[in-house]
Amino acid sequence: MGWIMILKDDFGVSAWTRHTGNFLSLFLLFLCLCSIPAHSDIVLPKAHHFSWKAGAWGQCFSEVCGSGGVQTRTIWCIHLEGWTTHHSHCQQVEKPESKRQCFKVCDGHQDLFEWEISDWGGCVLVPFFSNELKVRTTDCITAQHGIQRRNIHCIRTSNRSTVNIRICEFFSQKPPVEQACLIPCPQDCVVSDFTSWSSCSKTCSAGLQHRTRHVLATPMYGGANCPNLTETRTCTNSVDCPVSESEYQYSLKVGAWSKCRLPHNKDVLLSGRTTVDFGASSSENNSITLHTSDSHHHFHHYHHHAHAHVRYPMTWELEVGYQTRHVRCARNDGKNVMLSLCMKDNSPLTFQACVMPKDCQISDWSSWSYCSKTCRSTDLSPGYRVRTRIITQIPNGGGKQCPYLEEKEACNIIGDLLSKCPRYMWRTTDWGECRIRPLLSQQDQRRTNISMLCGGGVQTRKTYCVQISDDSAPHYRKEVSRPVNAWLCDGDDPPLAVQNCSIRCQHQCLLSQWSLWSACLHENCKERQGRKGFRQRKREVLWESSNTLGTCPHLMEFIPCEDPACYLWQIQQKEKCISTNSSCGPGTAVQNVTCVNTEGGDMPDTHCVDDPPPTKEACNVACSADCVVDSWSSWSSCSHSCATKTAEGKQSRTRTVLAIPGKDGKACPATPALEEWRVCNDHPCTVFYWETSEWGFCTEDASSKFNEISLWNGTSSCSVGVQSRNVSCMKMNAGPVISKRCLDSSRPETNRPCLLPCKKDCVVTPFSEWTACPTSCLPDNSTAAMQSRYRIIIQMSANGGQECPDTLYEERECDSVRVCPVYRWRMHKWHSCTLVPDSVRRGLSGSGEACGNGLETRGISCVGEDGEPANMTQCLQWAGPFPSQIRECRVACKDDCTLTAWSKFSECAGCGSSCTRRRSLVGRSKKKERCLNEDLYPLEENKTCPCDQFLSQPFGNWSACILPSPPVFKSLQGWMRHREIKECGQGLRYRAVACINHLGYLVNPALCIDSGYIVEVCHIPCPLDCKLSEWSSWSACSSSCGSGLKIRSKWLREKAFNGGRPCPKLDLKNQVYEAVPCNRECSQYEWRIEPWSICTINTVDDLPACGEGVQSRKIRCVMKGTLSGEDGSVDVNLCDQEEMPPRAQVCYLACPNDCVVAPWGAWSNCPPQCDPDGARNRSRHILRLPASEKAVCPELVQSEPCLLNTTCFTYQYRVSDWSTCQLSESAICGEGSRSRLLDCVRSDGKTMELQKCRQFGLINKLQLLESCVVDCPVSCILTDWSPWADCSLTCGTQGHSVRTRRILQEAHEEGRPCPSQLTQTKPCPIRPCYMWLMNGWSACTVEGAKCGEGVRRRNLSCVVHWGNLHESPPPQPVNRDLCGDVLKQQLQQEMEQPCFVPCPGDCHLTEWSTWSSCQLTCLEGRSFESTGRQARSRAVIIQAMENQGSCPYQVFETQPCKGGKCHSYQWKTGGWTNNKRAVWCQRSDGVNVTGGCFAQKRPTTLRHCHPPCTKPFSHCTPSGVCGCEKGYTEVMTSHGFLDYCTRTPGVDNSKKADVKTNSGRLKPRPSQANDLFSEWTLRPIGQDGRVKLWVYAVTVVGFIVILFIIALSFLICKPSKTSKASPPPQKPLTLAYDGDVDM
């Protein structure tokens, strides 16, 4: 068959090719194809100028779906040149129809119809570039164009009936009906090179030689046939044949044995006659022919058909018949002669006993098995079903061999009617409890209290595979399915088996600072009762941890007080004092009074219950002689924070005398009147707060109206309960007190609703299916087979739910395993030796003695274990090798050699020795020469003694150390008890043992050791985790002033080893650190100042004490936070010296009648960015006008520029670096927080208090605290080891068993990494490999003759090997019983083949050549087929030329093969010799072949010049023109041909040219001079070999120039005559030229 290729060119046009072997058949096929009517849009009329052209049919129009629609098309009348004309020009009779009925197809019909497409037909050769249909062998380069077609129908899907094709075209475009294909070019036969010539057929005189070649590739696609595979030539020996030697050679030639037949009635004379036939073509030819008439009755009696009524015979019997053959004497010229010329002593064997053939008989086919495809899958692959039959009669005596006993056919190919195949998917159990212990390293586990751990952990779950149906439940429903083998889900990735989780830690809160104590307030300002109230202060939660236990500390503290006031009158503004009567003296000042709350907010006046202060206040405007006193200062800080029995808080304020009184003026107040004291913080020092306990368990609340809630997905609901906690009023640094001491309105809640924990029953999967029991039967004494099943806990019970069952794994004995039945062969008694019938023997040989070789048979039957007969098929299946039914025997003849019976074997001397038995000749046999031949009649036999000594020899390497794995049922009992896989400790390693007998043969390992292994205890070192030191102490704060970080670190002590937990990320110093924020006070101390003293003025005499003076004050250095009533003074050097306030200052005490002004007020604020153009101001006001109007008061307003970092400062917030993620003390990972601190920084870099930035309105938008996560160090989690798989090989040394595991969770962070060993192997016991080894075919042997029909045989031998036939030790022969049933094996093989030994002078065929390499049909190096071809051939050998007429034809055959290669062929050429060269074709693999290369591209083998080179000293050059030899120059004619050769000037002429010698050179070359000058542009020598004239001219000019240069040099260099002494003569420098080109 050819193959087909589909190609398309770049324009989308398909190229078509098909190649057949017969050109005539191609042409006929093409005519048939052309006779098929084709659909066309152009309808050809009878007229030869105009034709009708029809357009495409339009859409089918109809009001309803179905038949009854109408569609139309357009019709044109066109000229043959393509232009359109009137309809009248075309013949109206042949006008195509323009309207037709149609079927209106609707969308609902789409599933009712489909395209039915047949397979592509064969590729047919078609004309492409011309109208001639022919195989273009000369033009074909790669392939020929062809076309292939297929049938397309539109069918109804319900009953597969054909409907109009337009229905399917409505839904989809019609698939293409034709496509291009390629047929490879004709491929000629390719043969190998000839072998070397054989030796001469005769050693003397004339003979024949031959050489052969074989077929490498057969002709295909019409290629040239194979050439002759044999070449024959005569050969002559120098030695003449002796005269005495006969001219002819004679050989006894036998024919093939006839079929085995039975005589009539056993020993009755045959119903034919035996004659001697001399009817040959010559009187010298004779032969013996047996004429018989076969009995069809016996044939039908002994040859049962497959459908005979005896299906299961109870016994097998054989019959002995006879067979004969022709014998003739052949002369070497091919003629038959008298037998006497070939026979000397013994007559040839022409008859022998044989076993009557029995054909193989088989039972009827069994029923078909169930189809392997039982459901509809997505791969659309068909299923298969099988049926079998059994042998009821084994073939014997060359009977018909058994046919195949098993038949397989596809079934459920489409499978539309089958249900969908089950799908499998992974399911998971519920997550187990959250555990932190797996995250701990070895170091942490020893020093950590495991029970106190909290924070991040891991929880695991199990994955299992289940079968699901298509209508599976929604995803939120818990579907419990039966677990199946995990390999059914291997196509999908399993769900995650590990996830992070968290165990709640104690609550962590970050709180703000306490606010200031509030005023004494009523408990409820809206309902003010009593005279007792509370002062309170608050703090806020800045950050709190989530998913934690407990609550934050109390956020509010209370102090009981009396006379509470929720709202107070406040004087907002006080105006200037205005004198009532005159410019000075008593007056009034108006003040603005508003009602405010405790926070300073304006409130309606009705909220203030007390009488409001007066809106006018009496005051005094100082007169010019009055004493002037400053206004009161602010109250100092309170000396105590609260009042005790022994101390109470006080605070003071002062005022200063600014002007002394004059005469008659108002006097100044006394010194004590310049200072006021008042009680402050008079509340007791006892502080109270509410304290709450943790929330209790959720309990049922019968009073709750919400006793049940529904979850969002409709699943089971749980009841609503209540949680409670204790709330008590606590006294600071004491204990609980009565609740009245605390503010009841801020009492925390004591109860809250909660969800009661749902009752959860244990959920388990159904039991898996029982594991399969063995399908084959087991021996009676074998261990009972077990099967098991398991189930998996999906959900553990909780909160009083139903407990889980105790049994998760069950095991039982297999019930369905049957015990193998016991049958045995029963051998009947041997029958007597059967010879060829006397009549046959006498008719052929004339001998009347009934003796010689014969056959004896016995019957065999089958019996069961109880001894009852059984049919033979049972024993064929269960009884092992069936015994032989036939053996050779001999009936002694008178002339036979007589021997004694064999003696007993001698005793064995030990293991490896041999024992012997003997016999001897008796009577006259001792004197017979043929009886003394021990090859025919051995007198001694030896056999090897049995030996029970075996040697154990360890083989191969040790396996890896294998740790014991827990039994399956133990691994199932602990639900979700995911332990870290033990990867270290004591294990076992295995090494296979080869058991060898005394002969060095491999035997069953159980003879040496029970298990077949050497087992050794081994140890796997445990992994060592990375070890770090303890935390160092905290470092100092990184900032000397303000916020910073303090750090502590751990450093590396031991690196991880052997797969231990890796170290965390270390810095360059191999350290890991932790950082927390810190704040170092810029100064822990501050200056504390006291009021200024009275202005002291040094007066002279009795002048008034006024004017400029000095005043002082005390300055102390105290620790910040020291109350004013406490001393707490420290060394002044601890305070900032640069900011030290002045201890004294110049003061001014106004004299009487002087103008008096108030002290300066505070400076106004500069612009926010300290604009250099801006300024700040301060002011003061007049307290007393001067007495004289001319007197001038000092300035009341001062202004100064805003200078950055001098008079003006800017402020901004600055944050410290983030701390590391801080966890709870008991957590090792999980959710934590990190923080940073905030500073207020002045523009000069000085860190100020945060209040300073707030005063300037700066709002902090920086986040100071945020949540963070510390990744958990999750260790690798693996599945359990799978069970050990079966051995990869059943015998030999290369078998191994494997178990695997897979990774459930990769290691994360510092978790223990996954081990690299996910697969473990251990060797299998080394069992001997027994196999039948088929020996090669023997040489063709002809029994009792030199030539003729013979037989070649091959034997089956049982050998043992170590698993690899090509490795040492080689296979060794052993007892056949170890390989099994030899007879059954021989039935499956061809053990004998007929063959032919040619007689001298016969023309015969050689043996088949070896199969050629597998070759594919390729195009441009690419193959489009998977199956190749290989060929072999037989050549004809002629031994005598006169026998050529009887020679057979040479033959070749091909067979398909796999693994072929693409071969290309290329012409190769050798070097030229005498204008000749060798040219041959070479295959791409380097094999020289004949055929395959294009003959048109064959290079030439001869090189010719035209005209021939006849001139002296000329020869034919490689360029194909005549040239001259070396030393001669070509002189050409005007036509470009060689005229003559002339000697080249300058060439050594010491040797005269010899014309004969030069012309006789094999490879003349052109002269060297010619080659040299041929490269020049201006050639100095002409074509005639003479020097050109211009060369002489150039030489003369050059000579003149040299003379001129010499003369000029002489004149220039001539010595002066004034020289008195000439220099001594110099020795001339001599240069010796030795011929070196470097000179």
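Structure report, in brief. Counting restarts for each chain: residues are numbered from 1 in the order of the written sequence. In keeping with the predicted nature of the model, local features appear solely for residues at pLDDT of at least 70, side-chain atom pairs appear and are counted solely at 80 or more, and the whole-chain, interface and lining totals rest on all residues. To obtain the side-chain values, all non-hydrogen atoms of the structure were used and water was disregarded.

Turning to the environment of cysteine 123, a few remarks are in order. Each helix is a run of DSSP H or I of at least 4 residues and each strand a run of E of at least 2, with the numbering of both proceeding from the N terminus. Mapped onto the elements, cysteine 123 comes out in the loop between strand 9 (113-117) and strand 10 (124-125). Overall, cysteine 123 belongs to the buried group, its relative accessible area being 0%. Along the chain, cysteine 123 and histidine 145 lie 22 residues apart, while their C-alpha atoms are 9.0 Å from each other. Per-residue accessibility, obtained with a 1.4 Å probe over protein chains only, is compared with the maximum for each type, and a residue is labelled buried under 20%, exposed over 50%, and partly exposed between these values.

So, about the sheet that holds strand 54 (residues 751-755). The pairing criterion for strands is at least two bridges between them, as found by DSSP. With antiparallel pairing, the 3 strands of this open sheet are ordered in space as 50-51-54. Pairing within the sheet leaves two strands with one partner each, and these edge strands are strand 50 (699-700) and strand 54. For strand 51 (residues 720-724) and strand 54, the ladder comprises 5 bridges, and the chain directions are antiparallel. Residue valine 720 lies in a different strand from strand 54, and its bridge partner there is leucine 755.

Glancing now at the state of the cysteines. The term disulfide is used for any two cysteine sulfur atoms that are within 2.5 Å. For the structure shown, the criterion picks out 55 disulfides. Covalent S-S linkage joins cysteine 360 and cysteine 402, the inter-sulfur distance amounting to 1.9 Å. Because the torsion about its S-S bond is 95°, the bridge between cysteine 360 and cysteine 402 counts as right-handed. Residue cysteine 360 is found in the loop between strand 26 (351-355) and strand 27 (361-362), and its partner cysteine 402 is found in the loop between strand 29 (391-393) and strand 30 (406-411); the two are separated by 42 residues along the sequence.

Tracing the sequence through the fold places glutamate 407 in strand 30. At 2.5 Å, the side chain of glutamate 407 and the side chain of arginine 387 are in polar contact. Here, two residues are considered to be in contact whenever any of their heavy atoms come within 4.5 Å of each other. Contacts of glutamate 407, omitting those with residues within four sequence positions, involve Trp365, Trp368, Arg385, Val386 and Arg387. The term polar contact refers here to a pair of N or O atoms within 3.5 Å; inside protein, the definition further demands a hydrogen-donor-capable atom paired with an acceptor-capable atom, and it admits residues adjacent in sequence only when both atoms are side-chain atoms.

Patch membership requires more than 30% relative accessible area and the absence of a salt bridge. Residues of like charge join within 9 Å; the nonpolar side chains Val, Leu, Ile, Met, Phe, Trp and Tyr join within 5 Å. We get accessible surface area from the Shrake-Rupley algorithm with a probe of 1.4 Å; when it comes to residues, only the shown protein chains can shield them. The salt bridge criterion pairs a side-chain nitrogen of Lys or Arg with a carboxyl oxygen of Asp or Glu, the two atoms within 4 Å. When charges are tallied, Lys and Arg are placed among the positive residues and Asp and Glu among the negative ones, while His and the ends of the chain are skipped. Lys charges are placed at NZ, Arg charges at CZ, Asp charges at CG and Glu charges at CD. A grouping of Asp780, Glu865, Asp866 and Glu868 is seen on the molecular surface, where their side chains present a negatively charged patch. Structurally, glutamate 865 is set in the loop between strand 61 (860-864) and strand 62 (869-870). A relative accessible area of 64% places glutamate 865 in the exposed class.

Attention shifts here to the environment of lysine 1246. Among the structural elements, lysine 1246 can be located in the loop between strand 84 (1238-1242) and strand 85 (1247-1248). For lysine 1246, a relative accessible area of 26% corresponds to the partly exposed category. Separated by 205 residues in the primary sequence, lysine 1246 and cysteine 1041 place their C-alpha atoms 8.6 Å from one another.

With that out of the way, let us pick up the pairing of strand 61. Burial runs high along strand 61: 5 of the 5 residues are buried. Here strand 61 shows no split at all, with Ile860, Cys862 and Gly864 on one side and Ser861 and Val863 on the other all buried. Both strand 22 (residues 315-316) and strand 61 contribute to a ladder of 2 bridges, which runs antiparallel. Following the sheet pairing, tryptophan 316 is matched in strand 61 by isoleucine 860. Inspection of the sheet shows strand 59 (residues 823-827) paired to strand 61 by 5 bridges, in the antiparallel sense. Its bridge partner lying in strand 61, arginine 824 is registered against valine 863.

Attention shifts here to the pattern of salt bridges. Applying the stated rule across the entire model yields 28 salt bridges. Linking arginine 1176 and glutamate 1200 is a salt bridge whose minimum nitrogen-to-oxygen distance equals 2.5 Å. Placement of arginine 1176 in strand 79 (residues 1175-1179) and of glutamate 1200 in strand 81 (residues 1197-1201) is noted, with a sequence separation of 24 residues between them. Of the residues examined, arginine 1176 reaches a relative accessible area of 17% and is grouped as buried. Owing to a relative accessible area of 21%, glutamate 1200 belongs among the partly exposed residues under this scheme. Note that arginine 1483 is salt-bridged to aspartate 1485, the shortest N-O span being 2.8 Å. Through salt bridges with shared partners, a single ionic network connects Asp1025, Arg1061 and Arg1312.

This part is about the sheet that holds strand 85. Judged by pairing direction, the sheet is antiparallel, and its 3 strands sit side by side in the order 82-84-85 without closing on themselves. Two strands close off the open sheet at either side, each with one partner strand: strand 82 (1211-1215) and strand 85.

On the surface, a nonpolar cluster with roughly 870 Å² of combined accessible area is contributed by Val1597, Val1601, Phe1604, Ile1605, Leu1608, Phe1610, Leu1611 and Ile1612. Within the secondary structure, phenylalanine 1604 is located in helix 12 (residues 1589-1613). Residue phenylalanine 1604 is classed as exposed on the basis of its relative accessible area of 57%.

A few words on the environment of glutamate 1086. With respect to the secondary-structure elements, glutamate 1086 resides in strand 73 (residues 1085-1089). The spacing of glutamate 1086 and methionine 1140 is 54 residues in sequence and 9.1 Å in space, taken between C-alpha atoms. Aside from chain neighbours lying at most four places away, what touches glutamate 1086 is Arg1116, Cys1117, Val1118, Lys1120, Gly1121 and Cys1135. For glutamate 1086, the side chain forms a polar contact with the side chain of arginine 1088, separated by 3.4 Å.

Turning to the nonpolar core, a few remarks are in order. Trp316, Ile391, Ile394, Trp825, Met872 and Leu876 are the most contacted members of the largest nonpolar core, which totals 14 residues. For this core, the secondary structure elements donating two or more residues are strand 61 and helix 6 (872-878). In terms of residue count, the dominant contributor to this core is helix 6 (3 residues). Those residues within four positions of leucine 876 in sequence are excluded, and the remaining contacts are Trp316, Ile391, Ile394, Trp825, Phe882 and Lys1384. Joining through side-chain atoms within 4.5 Å is the link that ties buried Ala, Val, Leu, Ile, Met, Phe, Trp, Tyr and Cys residues into a set, and such a set is a nonpolar core.

Let us look at unusual backbone geometry. Positive phi is not limited to glycine here, since arginine 160 has a value of about 60°. Within the secondary structure layout, arginine 160 lies in the loop between strand 12 (152-156) and strand 13 (162-163). Overall, arginine 160 belongs to the partly exposed group, its relative accessible area being 43%. The backbone phi angle of asparagine 733 is positive, close to 60°, even though this residue is not glycine.

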